[in-house]
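Commentary on secondary and tertiary structure
The residues making up each chain are set out below.
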Amino acid sequence: MSEAKQMLFARNLICVCIDDNENADYQGQMWHQYSDDPVPFSGIYEFLVAADDLFDTWDFPQRSLERRGFGHDMTEDHRDKGFPFANYNSSDELVIDKIQKQSGTRNIQGKRGKLGTFIIQVVYRQHATWQGHVINTETNEKSDFISALELVRIIDAALLK
């Protein structure tokens, strides 16, 4: 099995469908395996924030640094938001495994954007950014990235071809 095909079965995949490019910023939808509904975004920054929030909800991949905040209770755990059924202290089971059991999984590989479609797996969230793999579904070309900025550059380069 090819490396690109193996990645398509990871439990933390997201599918980014780019539908429009307005004012040099991409709009589209983000799909994941645990919901029937897409997460719309109206700019690349909005996509990055939504995906990071999703990873926080899944608690996978885990952050290596906690997000800084000012003017709120710093004792609040980011895992207290999201799926109410997840009891984080009850076992060694990962939150994403509990979400998968509760929600089931959906096939996101058939989703398509008007301008382009990318399957993304963030493997690590270290050094306050992301590291992982991205597949351009139009060309089946796989690229590795070591930062969220590099991921954006890969997507941008693919869409400008």
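Residues numbered from 1 in each chain as written. Predicted model: local features only at pLDDT ≥ 70, side-chain atom pairs only at ≥ 80, totals over all residues. Heavy atoms only, no water.

As for the pattern of salt bridges
Evaluated as defined, the whole model comprises 7 salt bridges. In this structure, Asp 56 and Arg 63 form a salt bridge, with 2.9 Å as the shortest nitrogen-oxygen distance. For Lys 101, the salt bridge is made with Glu 93, and the minimal N-O distance between the two is 2.7 Å. Taking the relative accessible area as the measure of exposure, Lys 101 reaches 66% and is therefore exposed. On the basis of relative accessible area, Glu 93 is assigned to the partly exposed category, the value being 29%. Three or more residues joined by partner-sharing salt bridges are found here, namely Asp 52, Asp 56, Arg 63 and Arg 125. (Salt bridge = Lys/Arg side-chain N within 4 Å of Asp/Glu carboxyl O. Buried < 20%, exposed > 50% of the residue type's maximum accessible area, 1.4 Å probe, protein only.)

Describing the state of the cysteines
In this structure the tally under the stated criterion is 0 disulfides. Not part of a disulfide, Cys 15 finds its nearest cysteine sulfur in Cys 17, a span of 3.8 Å. Note on Cys 17: relative accessible area 2%, which makes it buried. (Disulfide = S-S within 2.5 Å.)

Thoughts on helix H3 (residues 95-103)
Within H3, the full set of buried residues consists of Val 95, Ile 96, Lys 98 and Ile 99. Taken down its axis, H3 places every buried residue within 155° of arc, on the same side. On the buried face of H3, the contacting elements are helix H2 (44-58). (Helix = DSSP H or I, 4+ residues; strand = E, 2+ residues; numbered from the N terminus. Arc of directions from axis to C-beta. Contact = heavy atoms within 4.5 Å.)

Observations regarding the pairing of strand S2 (residues 25-32)
Judged by how many residues are buried, S2 sits mostly within the fold: 6 of 8 residues are covered. Alignment of strand S1 (residues 13-22) against S2, held across 8 bridges, turns out to be antiparallel. If you follow Asp 20 over to S2, its bridge partner there is Gln 27. Once S1 ends, the chain turns through 2 residues before running back antiparallel as S2, passing Asn 23 with a positive phi of about 55°. Direction of pairing for S2 relative to strand S3 (residues 39-41): antiparallel, over a ladder of 3 bridges. Counted as the bridge partner of Met 30 is Val 39 from S3. The antiparallel pairing of S2 with S3 creates a hairpin that spans 6 residues between the two strands. (Pairing = 2+ DSSP bridges.)

Here's the deal with H2
Because an α-helix completes one turn every 3.6 residues, residues spaced three or four positions apart along the sequence face the same direction. Between its terminal C-alpha atoms H2 stretches 21 Å, which fits the 21 Å expected from 15 residues at 1.5 Å a residue. By the burial criterion, the buried members of H2 are Ile 44, Phe 47, Leu 48, Ala 51, Asp 52, Leu 54, Phe 55, Asp 56, Thr 57 and Trp 58. Considering only its buried residues, H2 is in contact with S1, S2, S3, H3, strand S4 (116-124) and helix H4 (148-160). (Expected span 1.5 Å × (residues − 1).)

Structural notes on the packing of aromatic side chains
Counted according to the given criterion, the structure contains 5 aromatic pairs. Between Tyr 34 and Trp 58 the ring centres are 5.4 Å apart and the planes differ by 90°, which places this aromatic pair in the edge-to-face class. Here Tyr 34 is found in the loop between S2 and S3, whereas its partner Trp 58 is found in helix H2, with 24 residues between them in sequence. The same class applies to Tyr 34 as to Trp 58, namely buried. Aromatic side chains Phe 47 and Trp 130 sit 6.3 Å apart centroid to centroid with 90° between the ring planes, which places their arrangement in the edge-to-face category. Of this pair, Phe 47 sits in helix H2 while Trp 130 sits in the loop between S4 and strand S5 (131-136), and the two are 83 residues apart along the sequence. (Phe/Tyr/Trp six-rings, centres within 6.5 Å; stacked < 30°, edge-to-face > 60°.)

Looking at the nonpolar core
Ile 14, Phe 47, Trp 58, Ile 120, Trp 130, Phe 145 and Leu 151 are the most contacted members of the largest nonpolar core, which has 29 residues in total. Secondary-structure elements contributing two or more residues to this core are S1, S2, H2, H3, S4 and H4. Take this core: its biggest share by element is 7 residues, from H2. In terms of nonpolar packing, the next biggest core, distinct from the first, is built from 9 residues, Leu 8, Ala 10, Ile 108 and Ile 119 among them. (Core = buried A, V, L, I, M, F, W, Y, C linked by side-chain atoms within 4.5 Å.)

Geometric descriptors of this kind do not, in isolation, establish any biological role.
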